[in-house]
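So the chains spell out like this:
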Amino acid sequence: MIILNAPTFGLYAFGSAVGSAVSALTFGMPIIYAILTKRLSIQIIFVAIGLSYFLIAGIQFYNGIESEFLARFYKFMLLVIFGVEIVKNTSKIELYYFLLIGASSIIINSIFFTDSYGRYSGLYLDPNSAGFICIVGYGLTYGLDKSKLRLIGQFLFTFAGFITFSRTFILIWLIVNLIALKLNPKNIKIFFVGAAVIALLISFSAVLKLNTVRFNQLKALATNERVSTQELNNDSRTETWAPFYKYIYDKPIFGNGYGSFTAGGYRNKGPHNSFLLVIGEAGIFALLLFLGLQLYTLYYGFIYFTQKPYILMMSIGQFLFLLTNHNYFSTYYIILISMWLVHQIKIISESRLEPS
């Protein structure tokens, strides 16, 4: 239910009563699961990150609704304390199927529920967040043993990711596939899958009512036509980061308080960068913990790349996504996938697998 964004989608699609019920059920189940299994494991790094961010930022509360702040704190801590047993018992193939269902909802959205916006997100309601699901799912396919299952997943995750028209997804998709060539030169065939997806998008663009500006940019790049640099850079992430730097310089140690770096805080829009959010609201100590977690997964992904390439693929997708999104502490499927990656690294380390 967390991976499929059930609480947020339930609130959006069916109203506050259903949304609240689904949310209570979703975050109550980890407690029930821990009681039934009679086990409780804790990943200390997530508890430390949660306490450092919410307590330091909360003491200096700047903007927002206090009940919402407390709810987010409660849900985050509940998930990272009681959700570890769920993460430990979730296999690669199980996570793959759930991510595939999520990606399929994006495709269903584009076929049966077209709209004038032309960027589709399925259960995730935001195209950039939907792009994250597709890229971590795509990275996970490199951990599957069955080649047919891997190819099906790569096609569906690629197709769903492209119709989000998330520039972050497309960039990470290219990076991951270039890295895959290091693993095996035969992986170049995935670029033909990408070409086939673009051809399908061009063929069915009118039916799917794709986003005109970004679709035209993608089409121009695919056909080697001239693309306006100004259009490509429009609303770039570097532009959204820049206005927040001065606030970080003013209070780098303990930050500016909860809500200062989200919409309605210092600016009308947030920074679209989780690292800036953490240091901006809770300061350098919280950032070091948060950054340390991301570097930890990247490091071990690199160390065990040859044997377990999916760790690096998913870690790169997560790290680059966090550079373009500031909702880490309220987007619970990102937290759950982070926890799953940490547990996978623990399994690898305990198996005494030789580094690449």
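For the structure, check the block above.
Thresholds, definitions, all that
Residues numbered from 1 in each chain as written. Predicted model: local features only at pLDDT ≥ 70, side-chain atom pairs only at ≥ 80, totals over all residues. Heavy atoms only, no water. Helix = DSSP H or I, 4+ residues; strand = E, 2+ residues; numbered from the N terminus. Rg over C-alpha atoms; globule rule 2.2 N^0.38 Å. Buried < 20%, exposed > 50% of the residue type's maximum accessible area, 1.4 Å probe, protein only. Contact = heavy atoms within 4.5 Å. Areas by Shrake-Rupley, 256 points an atom, 1.4 Å probe, with all protein chains shown as cover. Lys, Arg positive; Asp, Glu negative; His and termini not counted. Charge placed at Lys NZ, Arg CZ, Asp CG, Glu CD. Expected span 1.5 Å × (residues − 1). Polar contact = N/O pair within 3.5 Å; in protein donor to acceptor, adjacent residues only side chain to side chain. Core = buried A, V, L, I, M, F, W, Y, C linked by side-chain atoms within 4.5 Å. Phe/Tyr/Trp six-rings, centres within 6.5 Å; stacked < 30°, edge-to-face > 60°. Axes fitted to C-alpha atoms, helices over the stretch in contact; angles between N-to-C directions. Parallel < 35°, antiparallel > 145°, perpendicular 65-115°, else oblique. Left-handed = near helix turned anticlockwise from the far one by under 90°. Nonpolar A, V, L, I, M, F, W, Y, C, P; charged D, E, K, R; others polar. Patch = residues over 30% accessible without salt bridge, like charges linked within 9 Å, V, L, I, M, F, W, Y side chains within 5 Å. Salt bridge = Lys/Arg side-chain N within 4 Å of Asp/Glu carboxyl O.

A. Seen up close, the overall build of the chain. Each helix and strand in the chain was counted, giving 19 helices and zero strands. The C-alpha radius of gyration computed for the chain amounts to 20 Å, which stays within 12% of the reference 21 Å derived for 356 residues, consistent with globular compactness. Classification of the 356 residues of the chain by burial places 51% in the buried group. Long-range pairs, those at least 24 residues apart, make up 73% of the contacts in the chain with a sequence separation of at least 6. If you sum the accessible surface of the chain, you get close to 16,900 Å²; carbon and sulfur atoms cover 65% of it. The distance from the centre of the 26 positive side-chain charges to the centre of the 15 negative ones in the chain is 7 Å.

B. The arrangement of helix 19 (residues 332-350) in detail. In this model helix 19 runs 27 Å from its N-terminal to its C-terminal C-alpha over 19 residues, within 8% of the 27 Å that 1.5 Å per residue would give. Within helix 19, 15 of the 19 residues are buried, which leaves the element mostly enclosed by the surrounding structure. Arginine 352 occupies a position one or two residues after helix 19 and carries a positive phi of about 55°.

C. Representation of the environment of serine 315. If you trace the backbone, serine 315 turns up in helix 18 (residues 309-322). Overall, the relative accessible area of 1% leaves serine 315 in the buried class. The spacing of serine 315 and leucine 295 is 20 residues in sequence and 8.8 Å in space, taken between C-alpha atoms. Discounting chain neighbours no more than four positions away, the residues touching serine 315 are Thr297, Leu298 and Leu341. A polar side-chain atom of serine 315 sits 2.7 Å from the main-chain carbonyl oxygen of isoleucine 311.

D. Here's a closer look at the nonpolar core. Counting 99 residues, the largest nonpolar core has Leu99, Met314, Tyr328 and Phe329 as the members making the most contacts within it. Per-element tally for this core: the top contributor is helix 19, with 12 residues. Residues in contact with leucine 99, not counting those within four places in the same chain, are Ile3, Ile133, Val136, Gly137, Leu140, Phe157 and Ile337.

E. Quick peek at helix 8 (residues 147-162). Here helix 8 contains 16 residues, and its C-alpha end-to-end distance of 22 Å stays within 8% of the 22 Å for a straight helix at 1.5 Å per residue. Buried within helix 8 are the following residues: Leu149, Gly153, Gln154, Phe157, Thr158, Phe159, Ala160, Gly161 and Phe162.

F. Structural detail: the packing of aromatic side chains. Enumeration over the complete set of coordinates arrives at 39 aromatic pairs. Geometrically, the ring pair formed by tyrosine 138 and tryptophan 173 is tilted, given 6.3 Å between the ring centres and 50° between the ring planes. In this pair, tyrosine 138 is assigned in helix 7 (residues 127-140) and tryptophan 173 in helix 9 (residues 167-183), connecting sequence segments 35 residues apart. Here the aromatic residues Tyr53, Phe54, Phe61, Phe69, Phe73, Phe76, Tyr258, Phe275, Phe290, Phe319, Tyr328 and Phe329 are joined through ring pairs into a cluster of three or more.

G. Layout of the packing of helix 17 (residues 284-303) against helix 18. It is at 8 Å that the axes of helix 17 and helix 18 come closest, and there the two elements cross at 150°. Considering their axes alone, helix 17 and helix 18 lie roughly antiparallel with respect to each other. Here helix 17 and helix 18 pass one another in a crossing that is left-handed. Here Phe290, Leu291, Gln294, Thr297, Leu298, Gly301 and Phe302 of helix 17 lie close against helix 18, whose contacting residues are Ile311, Leu312, Ser315, Ile316, Gln318, Phe319 and Leu322.

H. Just the environment of phenylalanine 157, in detail. By the secondary structure assignment, phenylalanine 157 is in helix 8. Of the residues examined, phenylalanine 157 reaches a relative accessible area of 0% and is grouped as buried. For the pair formed by phenylalanine 157 and phenylalanine 132, sequence separation is 25 residues and the distance between their alpha carbons is 10 Å. Setting aside residues no more than four positions away along its own chain, phenylalanine 157 makes contact with Tyr96, Leu99, Leu100, Ala103, Ile133, Cys134, Gly137, Tyr138, Thr141 and Phe169.

I. Spotlight on the packing of helix 3 (residues 44-59) against helix 16 (residues 274-282). Running from N to C, helix 3 and helix 16 point in directions that differ by 45°, and their axes come no closer than 8 Å. One element, helix 3, and the other, helix 16, form an angle in the oblique class. Contacts from Ser52, Tyr53, Ile56 and Ala57 of helix 3 reach helix 16 at Leu277, Glu281 and Ala282. By residue class, the composition of the contact of helix 3 with helix 16 is five nonpolar, one polar and one charged.

J. Expanded view of unusual backbone geometry. Residues other than glycine seldom take positive phi values, yet leucine 125 does so here, at roughly 65°. Relative to the helices and strands, leucine 125 is located in the loop between helix 6 (92-112) and helix 7. Classification of leucine 125 by relative accessible area gives partly exposed; the value is 32%. Positive phi, close to 55°, is recorded for phenylalanine 165, a residue that is not glycine. On the secondary structure map, phenylalanine 165 appears in the loop between helix 8 and helix 9.

K. Spotlight on a nonpolar patch on the surface. Judged by side-chain polarity, Met1, Leu25, Met29, Ile32 and Leu36 come together as a nonpolar surface patch covering roughly 480 Å² of accessible area. Looking at where methionine 1 falls in the secondary structure, it is placed in the segment before helix 1 (6-14). Taking relative accessible area as the criterion, methionine 1 reaches 37% and is therefore assigned partly exposed.

L. Layout of the side chain of serine 23. Mapped onto the fold, serine 23 is located in helix 2 (residues 16-37). If we ignore the near neighbours within four places in the chain, the residues touching serine 23 are Pro7 and Lys75.

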